Amino acid sequence: MIVIGIETSTPHTSVALGNDHGILASAMLSKGKPNHEVVVPTLRHLLSAAEVDLGHVTGIAVGVGPGLFTGLRVGVETAKTLAQVLRVPIVGLTSLDVLAFAVRYSRRAIGAVVDARRGEVFYGLYRPVPGGVTRVGQPMVCAPEALVAELEALGEEVLLVGNGAILYRRALEGLGSQVELGGSTHAHPHAAALVELSVPRFLREGSDRLYEVVPLYLRKSDAEIAWDQRARTG
């Protein structure tokens, strides 16, 4: 089994190769060319470095968000194209799930918090379970102040990871010892964790239908909001 993982929900694009024994190769690019210009070249580099032929790939895993609109479209469409060309199964996983999975050994509850821009964050709450995490409720988008209020109401110790937690550190630190903030190592969902999380799905033959793998946006794009405003005032 060889699985390709593609994660483009944040400005940090990552690609990874792995199997049921672990990660064979991975890379994360934080700056430079846009997502659509780096995913395929990076994949080619990893395949070469791991000495894996593209024809030996047996599954594609992709992070579906929530996250940045353009990046999500690039990642999802690239993954679906690869799955079609290679005729292999595909799995789409929530990027917040991937972020939380990377810190699954925490003894606290886990909050995955990603910068959604416009003064908001994408957020998901998780509890560690043997071998992984389980999500509590659905992913949501809210203002940092609303997240602080929700954590206060929760009343539990929480480990917060993601670039949203780093960006709004000052507001979240007001919760005192209830909150532990993760560092830059866990600021973005990584394709390596995506591959690890997806492998059991492939082993159970629990892949998704191609048409079911779509970006998870949670809110309208800037263009859609601008269009609605023009329609209301036109």
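Residues numbered from 1 in each chain as written. Predicted model: local features only at pLDDT ≥ 70, side-chain atom pairs only at ≥ 80, totals over all residues. Heavy atoms only, no water.

(A) Broad picture of helix 7 (residues 191-203). The terminal C-alpha atoms of helix 7 lie 18 Å apart, and with 13 residues this matches the ideal 18 Å at 1.5 Å per residue to within 8%. At L197, helix 7 shows its largest bend, some 25°, and a proline, P200, comes one to four positions later. For helix 7, the full list of buried residues reads A191, A192, A193, L194, V195, S198, V199, R201 and F202. At its buried positions, helix 7 is contacted by strand 1 (3-7), strand 2 (13-19), strand 3 (22-29), strand 4 (59-63), strand 5 (90-93) and helix 3 (95-101). (Helix = DSSP H or I, 4+ residues; strand = E, 2+ residues; numbered from the N terminus. Expected span 1.5 Å × (residues − 1). Bend = angle between axes of the 7 residues up to and from the residue. Buried < 20%, exposed > 50% of the residue type's maximum accessible area, 1.4 Å probe, protein only. Contact = heavy atoms within 4.5 Å.)

(B) Up close: the sheet that holds strand 1. The sheet built from 5 strands is open, its strands ordered 3-2-1-4-5 with mixed pairing. The open sheet has two edge strands, strand 3 and strand 5, and neither has a second partner. Neighbour-to-neighbour, the strand axes of the sheet open up by a mean angle of 15°, direction not taken into account. Strands in contact with helix 1 (residues 35-49) are strand 1, strand 2 and strand 3; relative to strand 2, the strand with the most contacts, it is inclined by about 30°. Against the sheet, helix 7 contacts strand 1, strand 2, strand 3, strand 4 and strand 5, and its axis sits at roughly 135° relative to strand 1. (Pairing = 2+ DSSP bridges. Axes fitted to C-alpha atoms, helices over the stretch in contact; angles between N-to-C directions.)

(C) How the structure looks around the nonpolar core. In this structure, I4, I6, L43, I60, V62 and I90 are the most contacted members of the largest nonpolar core, which totals 24 residues. Mapped onto this core, the elements with two or more residues apiece are strand 1, strand 2, strand 3, helix 1, strand 4 and helix 2 (69-86). Here the element with the most residues in this core is helix 2; it accounts for 5 residues. Ignoring any residue separated from it by four or fewer positions in sequence, one finds I6 in contact with S14, V39, A61, V62, G63, G75, T78, A79, L82, A191 and L194. Membership of the second largest hydrophobic core comes to 16 residues, among which are Y123, A165, L172 and L175. (Core = buried A, V, L, I, M, F, W, Y, C linked by side-chain atoms within 4.5 Å.)

(D) Here's a closer look at the confidence of the model for the protein. Predicted confidence across the protein gives a mean pLDDT of 91, with 92% of residues reaching 70 or more. Taken together, the stretch residues 223-231 has pLDDT below 50 and engages in 3 contacts with residues farther than four places along the chain or on a different chain. (pLDDT = per-residue confidence, 0-100.)

(E) Layout of the environment of A191. Mapped onto the secondary structure, A191 falls in helix 7. Look at A191 and you get buried, because its relative accessible area is 0%. As for A191 and V98, which are separated by 93 residues in sequence, their C-alpha atoms are 8.2 Å apart. Ignoring anything within four residues of it in the chain, the contact list for A191 reads G5, I6, E7, S14, V15 and A16.

(F) Geometry of the side chain of T10. In this fold, T10 is placed in the loop between strand 1 and strand 2. Taking relative accessible area as the criterion, T10 reaches 2% and is therefore assigned buried. In this structure, T10 is in contact with N35, L68, V114, H188 and P189, ignoring residues within four places of it in sequence.

(G) Representation of the sheet that holds strand 6 (residues 109-117) in the model. If you trace the 5 strands from one edge of the open sheet to the other, you get 8-7-6-9-10, paired in mixed fashion. Two strands in the sheet have a free side with no partner beyond their single neighbour: strand 8 (132-142) and strand 10 (179-181). Across the sheet, the mean angle separating the axes of adjacent strands is 25° when strand polarity is ignored. Inspection of the sheet shows strand 7 (residues 120-129) paired to strand 8 by 8 bridges, in the antiparallel sense. For L125, the partnering residue across the bridge sits in strand 8 and is V136. Where helix 4 (residues 144-154) meets the sheet, it contacts strand 6, strand 7, strand 8, strand 9 (158-161) and strand 10, and its direction lies at approximately 25° from that of strand 7.

(H) Spatial organisation of the pairing of strand 1. The buried count for strand 1 comes to 5 of 5 residues, which makes it a mostly enclosed element. In strand 1, alternate side chains face the same way, and those of V3, G5 and E7 on one face and I4 and I6 on the other are all buried. As defined by bridge partners, strand 1 adjoins strand 2 across 5 bridges and the pair is classed as antiparallel. Looking across to strand 2, one finds that E7 is bridged to S14. The antiparallel pairing of strand 1 with strand 2 creates a hairpin that spans 5 residues between the two strands. As paired strands, strand 1 and strand 4 are joined by 4 bridges and run parallel to one another. Paired with I6 across the strands is V62, a residue of strand 4.

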